[in-house]
Amino acid sequence: MAKYPVFALRLAQARERSGLSQTQLGVLAGLDPAVASPTINQYERGKHEPQLKRAKRLAEVLGIPPAFLYTEDDLLAELLLQWNGLSLRKKRELLKLVEGAKAPHTKRSRRAA
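Draft legend 1. Broad picture of the overall build of the chain. If you tally the helices and strands in the chain, you get seven helices and zero strands. Seen in sequence order, the chain has helices and strands lined up from the N terminus as α-α-α-α-α-α-α. Burial analysis of the chain (113 residues in total) assigns 27% to the buried set. A fraction of 50% describes how many contacts in the chain between residues 6 or more apart in sequence connect residues 24 or more apart.

Draft legend 2. Here's a closer look at helix α1 (residues 6–18). Taking 1.5 Å of rise per residue, 13 residues should cover 18 Å, and α1 covers 18 Å from first to last C-alpha, within 8% of that figure. The inward-facing, buried residues of α1 abut α2 (22–28), α3 (33–44), α4 (52–62) and α5 (74–83). Looking one or two residues past α1, G19 carries a phi angle of roughly 80 degrees, positive in sign.

Draft legend 3. Summary view of the packing of aromatic side chains. Taken as a whole, this structure holds one aromatic pair when the rule is applied. Plain terms: the ring middles of F7 and Y70 are 5.3 Å apart, the flat faces sit at 50 degrees to each other, and that makes the pair tilted. A residue pair is termed long-range when its members are at least 10 positions apart, and F7 in helix α1 and Y70 in the loop between α4 and α5 qualify at 63 residues. Residue classification places F7 among the buried residues on the basis of a relative accessible area of 2%. Over the ring of F68 we find R10; its NZ or CZ atom is 5.5 Å from the centre of that ring.

Draft legend 4. Region of interest: the environment of P38. Following the sequence through the fold, P38 ends up in helix α3. On the basis of relative accessible area, P38 is assigned to the partly exposed category, the value being 43%. For the pair P38 and G26, spaced 12 residues apart in sequence, the C-alpha separation works out to 9.0 Å.

So, how was this worked out
- Residues numbered from 1 in each chain as written.
- Predicted model: local features only at pLDDT ≥ 70, side-chain atom pairs only at ≥ 80, totals over all residues.
- Heavy atoms only, no water.
- Helix = DSSP H or I, 4+ residues; strand = E, 2+ residues; numbered from the N terminus.
- Buried < 20%, exposed > 50% of the residue type's maximum accessible area, 1.4 Å probe, protein only.
- Contact = heavy atoms within 4.5 Å.
- Expected span 1.5 Å × (residues − 1).
- Phe/Tyr/Trp six-rings, centres within 6.5 Å; stacked < 30°, edge-to-face > 60°.
- Lys NZ or Arg CZ within 6 Å of the ring centre and 35° of its normal.

Right, here's the structure in full:
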């Protein structure tokens, strides 16, 4: 089992990826500068977890989907990091690709077999 909760690990990962300090992230997310660094530090150490509204704001500042902060699946986390950079057209194409990659379970595919 990981030393820190998944939210703590993902937040630190996203913050470091963005190049922001704990203070910068906290201030950009609307925290008072006097408590920004200690608050983000507590989130990243797993001592506290923010309410959903603040988690969404942190994700917005970091340019990531909020779901990234909560997924335990490393592959899904990587996909979520890429997701925000895709156009709507590319997102739809990716969704179709994923749907097409699923194991065939339809009557049509059974007939073809």
